[in-house]
Amino acid sequence: MNDENSAQDDQRLLPRSVNEVEPDEHGGPTARRGFSYQDEIAVWFLIALLVESDLIEVHCETHDDIVLIWQDDEEQDAEEPTRVVEFVQVKAGEADSLWSVAELCRRKSGDVPHSSLFETTLLRDKHQERSRFRIITSREVVSDLKPLTFNFSAPGRAPKSKPMADLQNKLEQRRPDCRSQNGNGHRYWLENCLWEVRFTKEVVKKDNLIRLAKFSRNEGCGLVLEQVEEVLDGLRTLAREAGDASWASHRDTKIITRNALHAWWRDRVEDVRSKAKSPSGDKLGLKMRAAGLTDEQIALAQELRRDYAAEMRAPRYLEIDDAHRLARSTRSALVSLRAGYVSAADDENGKQFHTRCLGRLDEIAGQGEGEPGDREAFMKGCMYDVTDRCLHRFDRPSP
């Protein structure tokens, strides 16, 4: 009987999986509302969950800002592959100074024990999975912390290299007694921590758009850029809902698995495709005829629209980022042109307004570098696509 009780006690002392243990803090979901930078970082990892075969789960606001569950690269073929948990801290402070060792080790007001960023991250190491750490900031780091921004295989990250040895000494001097529940200390943290600098939310958004567009193309989905943006908005909603959910009542919402996200992706792609199943160009033709434009002009417009759609699916002349920028500039210009046209008291007709729209797009295309011909054709195709989707027209509204 004593042996049985002893075995039960030992079992209780063993570390449990990060998926089974309730998070220590519950203030995250409430505190994070409106943290758009962190949401965009979460979306970055959701795209990684679609793309990378060894990433199997993303948790939002559980044991850290973001938690990643990886399958160990070296044991993918094992019957029970080792899982690695990566704890991600996202910091988007407004201070102008660089991140320093002092700031990394600074505790909260009142010298609250184990409250510095270094201590907080290391003490996450208390589960049965092997731990890694990632810190993502919008500010750069000082030279002392620079080795942490290198890839794990880089020579500058070797534990015995002078920069890493110096950094270990500085951490030990500032926080000498910090050790995780799994018995790991300063050197373990240094060998398993990656520091990334992503300066603004806009930088991350741009990267997310490019990565998701490439994934769509590699999957053969044939989505145009605006459809990719729609799916991207869905991922943002998914990340926000996961972050806001309660662990006690909606744990499955907070833990997004690879299989579940791939199923979500397939459903979402089918959804955006179904919205575009009406015959392409039909509404464009009706709107151009209503403005008094000729069949020849309509035929050319429809051809430019088809070229635009093909370029958005598989860019030949433009980079994805350039295509996104030009499409956005086109839509912005059309909003301004249409607003002025509707409110003007003059008698400009639909044909004249169509000509003015073309002229304005030519002006914008001519402001870029290199030959403007491809940009002009792309922007005009975008205008006709927007018109076909009932978001622009050339005739005046009915009284």
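About the thresholds
- Residues numbered from 1 in each chain as written.
- Predicted model: local features only at pLDDT ≥ 70, side-chain atom pairs only at ≥ 80, totals over all residues.
- Heavy atoms only, no water.
- Helix = DSSP H or I, 4+ residues; strand = E, 2+ residues; numbered from the N terminus.
- Buried < 20%, exposed > 50% of the residue type's maximum accessible area, 1.4 Å probe, protein only.
- Contact = heavy atoms within 4.5 Å.
- Areas by Shrake-Rupley, 256 points an atom, 1.4 Å probe, with all protein chains shown as cover.
- Axes fitted to C-alpha atoms, helices over the stretch in contact; angles between N-to-C directions.
- Left-handed = near helix turned anticlockwise from the far one by under 90°.
- Nonpolar A, V, L, I, M, F, W, Y, C, P; charged D, E, K, R; others polar.
- Core = buried A, V, L, I, M, F, W, Y, C linked by side-chain atoms within 4.5 Å.
- Salt bridge = Lys/Arg side-chain N within 4 Å of Asp/Glu carboxyl O.

Novice: Explain the overall build of the chain to me, please; I cannot follow it from the model alone.
Specialist: If you tally the helices and strands in the chain, you get 16 helices and six strands. Residue burial in the chain is summarised as follows: out of 399 residues, 46% are buried. Considering only residue pairs separated by 6 or more positions, the chain has 70% of its internal contacts joining residues 24 or more positions apart. Accessible area of the chain: about 20,800 Å², with a carbon and sulfur share of 47%.

Novice: Please explain the packing of helix α12 (residues 282-290) against helix α13 (residues 295-313) as it appears in this structure.
Specialist: Two packed helices can be described by the angle between their axes and the distance between those axes. Contact geometry of α12 with α13 gives a least axis separation of 10 Å together with a crossing angle of 145 degrees. Of the two possible hands of crossing, α12 and α13 adopt the one that is right-handed. Every residue of α13 that contacts α12 at Leu 284, Gly 285, Met 288 and Arg 289 is listed here: Asp 295, Gln 297, Ile 298, Ala 301, Gln 302 and Arg 305. Class assignment of the residues belonging to the contact of α12 with α13 gives a composition of four nonpolar, three polar and three charged.

Novice: Even after reading the chapter, I still don't get the nonpolar core, so can you show me in this structure?
Specialist: Generally speaking, soluble globular proteins have nonpolar side chains that are buried together. Core analysis: the largest hydrophobic core is formed by 74 residues, its most contacted members being Leu 212 and Trp 265. Looking at which element gives the most residues to this core, the answer is helix α3 (residues 36-51), with eleven residues. Not counting residues up to four positions away in its chain, the partners in contact with Leu 212 are Ile 47, Leu 50, Val 228, Val 231, Leu 232, Leu 235 and Trp 265. Formed by 26 residues, the second largest nonpolar core is a distinct cluster that contains Val 85, Leu 171, Trp 189 and Leu 190.

Novice: Help me understand the pattern of salt bridges in this model?
Specialist: For side chains bearing opposite charge, pairing can occur when the charged atoms are close. A full pass over the atoms with the stated rule returns 27 salt bridges. A salt bridge links Glu 40 to Arg 236; the nearest nitrogen and oxygen atoms lie 2.9 Å apart. Here Glu 40, found in helix α3, pairs with Arg 236, found in helix α9 (residues 225-244); they are 196 residues apart in sequence, far enough to count as distant. Like Arg 236, Glu 40 is buried. One network of salt bridges, with partners in common, ties together Glu 86, Arg 132, Arg 134, Glu 196 and Arg 198.

Novice: Help me understand unusual backbone geometry, please; the structure alone is not making it clear to me.
Specialist: Phi is mostly negative for residues that are not glycine, and the peptide bonds are mostly trans. Residues other than glycine seldom take positive phi values, yet His 114 does so here, at roughly 60 degrees. Mapped onto the fold, His 114 is located in the loop between α4 (101-105) and α5 (117-122). We classify His 114 as partly exposed; its relative accessible area is 43%. You will see that Cys 390, though not glycine, has its phi angle at about 65 degrees, which is positive. Of note, Cys 390 is situated in the segment after α16 (373-388).

Distances and angles like these do not, on their own, reveal function.
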